[in-house]
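Take a look at the letters that make up each chain.
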Amino acid sequence: MEKQYMRRIEALRRQYLSTRVEMDVYNAKYLTEGFKESEGQPWIIQKAIGYQNQCRKKNIYIQDSELLVGGVAFKPRAGILCADSSASIIANELDTISTRRFDPFYLSEEGKRVYTEDVRDYWKDKCVLDRWRKLAPEDMETLRDNGIIYIDRKAVRGYGETTPSWTMVLQKGIAGIRREAEEALAKLDDSVPGDLEKMFFYKSELIVCEGIITLANRHADLAETQAASCADPVRKAELLKIAEICRRVPEHPARTFYEACQSILSYEYAIFMEQNASSYNLGRLDQYLYPYYKADLAAGILDEDSAQELLDCMWIKVAEMSLFQDEVTAQYAAGYCITVQTSCGGIDQYGNDATNELSYKMIQATMDVKFKEPNLSVTYSLSKNPDSLLHKAVEAISMGLTMPAIYFNDVGIRMMQNKGVPLSEAWDWNPCGCVETNLSGRMKQYTDIADINMGAMVELALNDGVSRITGKQVSVSTGNPADFKTFEEFFNAVKTHISYVVNVIVSGNQLLDYLSMNYRTVPALSLGFPQCMETGLDYSQPGATKYSCGGGVITVGQADIVNSLAAVKYMVYDEKKITMKQLCDALNANFEGYEDIRDMCLSAPKYGNDDERADFCVGEVFSYVVDEFEKYQTKFGKMTCGMLPVSGNTPIGQWVGALPSGRKAGTPLTDGIGATGGTDVNGPTALFKSVSRIPHARYTQGTQLNLKIEPELMTGETGIAHMMNMMKTMCTLDVYHAQINVVDKETLLDAQEHPEQHRDLLIRVAGYTAFFVELSRETQNEIIGRTEIRDWAGVR
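Residues numbered from 1 in each chain as written. Predicted model: local features only at pLDDT ≥ 70, side-chain atom pairs only at ≥ 80, totals over all residues. Heavy atoms only, no water.

Visitor: I'm lost on the overall build of the protein chain in this one. Help?
Guide: Helices and strands together make up the secondary structure of the protein chain, namely 34 helices and 19 strands. Computed over the C-alpha atoms, the radius of gyration of the protein chain is 26 Å, within 12% of the 28 Å expected from 2.2 N^0.38 for a compact globule of 796 residues. Counting only C-alpha atoms, the protein chain reaches 80 × 65 × 55 Å along its principal axes. Looking at the 796 residues of the protein chain, the share that counts as buried comes to 67%. In the protein chain, once contacts between residues fewer than 6 apart in sequence are set aside, the share between residues at least 24 apart is 77%. Put simply, the protein chain shows about 25,500 Å² of open surface, and 49% of that area lies on carbon and sulfur atoms. Of the charged side chains in the protein chain, 83 are positive and 108 negative; the average position of the first set lies 1 Å away from that of the second. (Helix = DSSP H or I, 4+ residues; strand = E, 2+ residues; numbered from the N terminus. Rg over C-alpha atoms; globule rule 2.2 N^0.38 Å. Buried < 20%, exposed > 50% of the residue type's maximum accessible area, 1.4 Å probe, protein only. Contact = heavy atoms within 4.5 Å. Areas by Shrake-Rupley, 256 points an atom, 1.4 Å probe, with all protein chains shown as cover. Lys, Arg positive; Asp, Glu negative; His and termini not counted. Charge placed at Lys NZ, Arg CZ, Asp CG, Glu CD.)

Below is the structure:
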């Protein structure tokens, strides 16, 4: 029988699904007003004053049936323009943003006027994006403009990919953090070197604290106003409770489970409002919220259903956030994804099972709400977590919800250690964004400074550094491939192009660090990091957080480079089926007239089948990439790597000609770390064994494996048991992550043709979930083409 609270959740779901995605430029208008009013003051003070102005003026709302309130924009499901990051980004999209192919945002005529009259001109050549474009190195622009890398994403968006100290926010409240800032400020002397900058920082913290508290009280006022005119006594009592809660948090420490949920939500909105960015993560909610849940149950002020209801409401409120990006960037992360990760399970500081009742309720919230956010994960400890947790996770997956993703906790810990975090803290890691690793309140990073087109690395080696798509010399010359006498010479040419591209990306990263340190301060986000408050340093500065690492780079097309290396070795050098010239001629022609050679390419050994002939190079090529990046230091530490293409494998594939793998020009590269669709024919265990060859723990920003399962395989307890065993096998093989789509091809095809009948169909794109019908046709087709597991023993 359906739970009583589900009536509210269903009403909120309907409300959400009927809401149009829109563009909020008022956020930028109010920030701009604050900057204009404070001209001549330090940038961080200007940012704080602009933020405070947003809190005082932004439109607020409380929707019918809501128990938790707030929002980033002027309405639910609206994206915001962050003016200091990228005010210019919509200048050329004003007439197309509402109808563009990738992630359209409706922008009213009034919104266009507000942007052109109140925002655009002030930020010309001031915002980070404009400065980035003016200072961009020529070699970086060449690689970007020819599709070898994509590197504008972090200039378009803010920091993101981080997790504040939710425990500190809950236990101290904004007022407690404000008192610490006041006390630190009182001890400073502007005649002492370095103190002046700290004074500016603490003053900015006091300003944003006032803004966050003001915004909470505005919601309390609105709730009281609505209650005064509400004829329904039940709803009237709910509104008065909302007012009481918002008067309390996030200003003061949370005392109850209800207050804790609202406090987290309010600060989550506060930092997203400060800087449009993906992945301001909720972290290990089952750990942070459990003391409040347990105390409230014991005191009789909460029961199981009311706790579940509040979690469900939080899930819906998180889903209301929408990430705004320009159309080009949206191709690389399609589906309005904010990838706000939250996780359950894992271990505690003593190495014991950390699972508790809230772990199961978090999974149940995803089962109740059935939305794309938050991005729920289970950090599964094979040796410590109970089967019941994995069973609950697989039960949700079997419903076609695409969540939770499953992470092998041991690999996550090693990734954190590889970032310089000692084991005494690494146990507390949390998944971040798509599949990245993070540490609540202690780590600064960005995880997607650039995407590397790994398919292009092979193309450049086979075409002397020239792009087959554009015909331009984009990399160094490595010679005529027909002159390579051995496979090692060819492989070394591939490595040469990797090294060149790495160097260029690092240069871009150094530039972005410089711009961010000077023009992208984040006083509201800094509130959530204890060391920022202790040192008097904004989150944007080196030394502001306990741990930090250099920019994270995404490699795209893992299977494409492996399959291409294997094909060249097998066909040209080992079996001598064709010459290198014949292969290059076929690739230049996109296999037109060379169908026999393409057949050989397609028949060559393929990654994903536990075949040594293909997998021999996996460890070497991907270790080489990390080795090259780790040669470079940045102001925040060594550069880092991840394998999480989001939806970038589709647009970046348009820049690659035909490959020795048999792939034709312009088609998508393979997603994540899985096999190219249809080429893994030996079943999921063979796939895992190939994937296990990747040096996962060295890819500290995560490795992402997509699996697509036929729904019939997940029927009943037998299906769930098989999936549980498959996930345990993954962990046994030391594979970091898997995420599972349980959907058949026919359903996806029908959703393409009749989107109105599949409005809430969820699909796992990469390390995140989206509504299938909100994705572009190209991304939909790439997902449809992925291998379907139709038998637990093998693919039939």
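Visitor: It is not clear to me how the packing of aromatic side chains should be interpreted in this structure. Could you clarify?
Guide: Aromatic rings in a pair are described by how distant their centres are and how their planes are angled relative to each other. Within the structure shown, the criterion is met by 27 aromatic pairs. Ring geometry for Tyr159 and Tyr539: centres 5.5 Å apart, planes at 75°, overall edge-to-face. Remark: Tyr539 occurs in the loop between α24 (530–535) and β11 (547–548) and Tyr159 occurs in the loop between α8 (153–156) and α9 (166–186); sequence separation between them is 380 residues. Judged by relative accessible area, Tyr539 falls into the buried class, the value being 0%. Ring centres 5.1 Å apart and planes at 75° place the aromatic pair Tyr407 and Tyr736 in the edge-to-face group. Of this pair, Tyr407 sits in strand β6 (residues 405–408) while Tyr736 sits in the loop between α32 (716–732) and β17 (737–742); the two residues are 329 residues apart in sequence, bridging distant segments of the chain. Tyr736 carries the same exposure label as Tyr407, and that label is buried. Chaining the aromatic ring pairs together yields one cluster made of Phe35, Trp43, Tyr122, Trp123 and Tyr519. Residue placement shows Arg131 over the ring face of Tyr519; its charged tip is 3.5 Å from the ring centre. Cation over ring: Lys444 sits above Phe636, and NZ or CZ is 4.0 Å from the ring centre. (Phe/Tyr/Trp six-rings, centres within 6.5 Å; stacked < 30°, edge-to-face > 60°. Lys NZ or Arg CZ within 6 Å of the ring centre and 35° of its normal.)

Visitor: So what exactly am I meant to see when it comes to the environment of Arg120 here?
Guide: As for its placement among the helices and strands, Arg120 is situated in helix α5 (residues 109–123). Distance from Arg120 to Ala28, taken between C-alpha atoms, is 9.4 Å for residues 92 residues apart in sequence. In terms of polar contacts, Arg120 uses its side chain to reach the side chain of Asp121, at 3.4 Å. (Polar contact = N/O pair within 3.5 Å; in protein donor to acceptor, adjacent residues only side chain to side chain.)

Visitor: Sorry if this is basic, but what is going on with unusual backbone geometry here?
Guide: What you tend to see is this: most non-glycine residues have negative phi, and most peptide bonds are trans. A cis geometry characterises the amide bond from Glu373 onward to Pro374, with omega recorded as -5°. For Pro374, the location among the structural elements is in the loop between α17 (357–369) and β5 (375–380). Omega for the peptide link from Met403 to Pro404 comes to 0°, which places this bond in the cis form. Residues other than glycine seldom take positive phi values, yet Ser279 does so here, at roughly 70°.

Visitor: Help me out: how do you make sense of the pattern of salt bridges in this one?
Guide: Side chains carrying opposite charge are able to pair once their charged atoms draw close together. Counted by the stated rule, this structure contains 61 salt bridges. When the shortest N-O distance is used, the salt bridge between Lys154 and Glu161 registers 2.8 Å. No difference in accessibility class separates Lys154 from Glu161, as the two residues are buried. Note that Arg284 and Asp428 form a salt bridge whose closest N and O atoms lie 2.9 Å from each other. (Salt bridge = Lys/Arg side-chain N within 4 Å of Asp/Glu carboxyl O.)

Visitor: Could you clarify how one ought to interpret the nonpolar core in this entry?
Guide: Generally speaking, nonpolar side chains in soluble globular proteins are found buried as a group. Counting residues in each nonpolar core, the largest one holds 285 residues, and the members touching the most others are Phe257, Met457 and Phe490. In terms of residue count, helix α22 (residues 487–519) provides more of this core than any other element does, 15 residues in total. Excluding anything up to four places from it in sequence, Met457 contacts Ile148, Ile452, Val494, His497, Ile498, Val501 and Ile561. (Core = buried A, V, L, I, M, F, W, Y, C linked by side-chain atoms within 4.5 Å.)

Visitor: For this particular structure, what's the right way to read the side chain of Thr634?
Guide: Counting through the fold element by element, Thr634 comes out in strand β13 (residues 633–634). Thr634 gets classed as buried once you look at its relative accessible area, which sits at 10%. Of the polar contacts made by the side chain of Thr634, one reaches the backbone oxygen of Gly637; its length is 2.7 Å. Aside from chain neighbours lying at most four places away, what touches Thr634 is Asn509, Gln510, Asp513, Gly550 and Met639.

Visitor: For this particular structure, what's the right way to read the sheet that holds strand β15 (residues 640–642)?
Guide: For sheets, the rule is that strands pair by backbone hydrogen bonds, running either parallel or antiparallel. Strand order in the open sheet formed by four strands is β3-β10-β12-β15, and the pairing between neighbours is mixed. The outermost strands of the open sheet, each flanked by one partner alone, are β3 (149–150) and β15. For strand β12 (residues 552–556) and β15, the ladder comprises three bridges, and the chain directions are parallel. Paired with Ile554 across the strands is Gly642, a residue of β15. Each of β10 (450–453), β12 and β15 touches helix α29 (residues 618–629); the most contacted strand, β15, lies at about 150° to it. (Pairing = 2+ DSSP bridges. Axes fitted to C-alpha atoms, helices over the stretch in contact; angles between N-to-C directions.)

Visitor: What is the right way to look at the state of the cysteines in this model?
Guide: As used here, a disulfide is simply a covalent bond connecting the sulfur atoms of two cysteines. Summed over all chains, the structure comprises zero disulfides. The thiol sulfur of Cys261 is not disulfide-bonded, and the nearest other cysteine sulfur, from Cys313, lies at 9.2 Å. With no disulfide of its own, Cys641 has Cys549 as its nearest cysteine by sulfur position, at a separation of 11 Å. (Disulfide = S-S within 2.5 Å.)

Visitor: Looking at this structure, I do not really get the sheet that holds β5. What am I missing?
Guide: Pairing is mixed across the open sheet formed by five strands, whose spatial order is β4-β5-β6-β17-β16. For this open sheet the edge positions go to β4 (341–345) and β16 (706–709), each flanked by a neighbour on one side alone. Neighbour to neighbour, the strand axes of the sheet diverge by 30° on average, direction disregarded. Seen against the sheet, helix α18 (residues 387–398) touches β4, β5, β6 and β17 and runs at an angle of roughly 150° to β5. Together, β5 and β6 form the strand contacts of helix α19 (residues 409–418), whose direction differs from that of β6 by roughly 65°.

Visitor: Could you clarify how one ought to interpret the pairing of β17 in this entry?
Guide: Consecutive residues of a regular strand have side chains that alternate between opposite faces of the sheet. With six of its six residues buried, β17 lies for the most part within the structure. Here β17 shows a buried face lined by His737, Gln739 and Asn741 and a second buried face lined by Ala738, Ile740 and Val742. Relative to β17, β6 runs antiparallel, the two being bridged by two bridges. Paired with Ile406 across the bridge in β17 is Ala738. Looking at chain direction, β16 and β17 are connected through four bridges and run parallel. Across the sheet, Asn706 pairs through a bridge with Gln739, a residue of β17. Remark: the β16/α32/β17 crossover connection has right-handed handedness. (Right-handed = clockwise from strand over helix to strand, strands pointing away.)

Visitor: Is there a simple way to think about α18 in this case?
Guide: At 3.6 residues per turn, the α-helix brings residues three or four places apart onto the same side. Relative to the 16 Å expected for 12 residues at 1.5 Å per residue, α18 spans 16 Å between its end C-alpha atoms, a close match to the ideal helical length. Three or more residues of α18 are buried, namely Leu389, Leu390, Lys392, Ala393, Val394, Ala396 and Ile397. Buried residues along α18 sit in contact with β4, α17, β5, β6, α32 and β17. Following α18 by one or two positions, Gly400 adopts a phi angle in the positive range, close to 80°. (Expected span 1.5 Å × (residues − 1).)

Visitor: Would you take a moment to explain helix α33 (residues 745–753) for this structure?
Guide: Of the residues making up α33, those classed as buried are Leu748, Ala751 and Gln752. Each buried residue of α33 lies within a common arc of 105° when the element is viewed along its axis, so the set occupies one face. Tucked inside the fold, the buried residues of α33 contact β16, β18 (762–764) and α34 (777–784). (Arc of directions from axis to C-beta.)

Visitor: Just to check I follow, could you spell out the packing of α9 against helix α10 (residues 195–228) for this structure?
Guide: The packing of two helices is summarised by the inter-axis angle and the distance between the axes. Running from N to C, α9 and α10 cross one another at 155°; their axes reach a closest spacing of 9 Å. As far as their axial angle goes, α10 and α9 are roughly antiparallel. Considering only the axes of α9 and α10, their crossing is left-handed. Touching Ile174, Arg178, Ala181, Glu182, Ala184 and Leu185 of α9 are Met199, Tyr202, Lys203, Glu205, Leu206, Cys209, Ile212 and Ile213, all from α10. Looking at the contact of α9 with α10 residue by residue, the class counts come to 10 nonpolar, no polar and four charged. (Parallel < 35°, antiparallel > 145°, perpendicular 65-115°, else oblique. Left-handed = near helix turned anticlockwise from the far one by under 90°. Nonpolar A, V, L, I, M, F, W, Y, C, P; charged D, E, K, R; others polar.)

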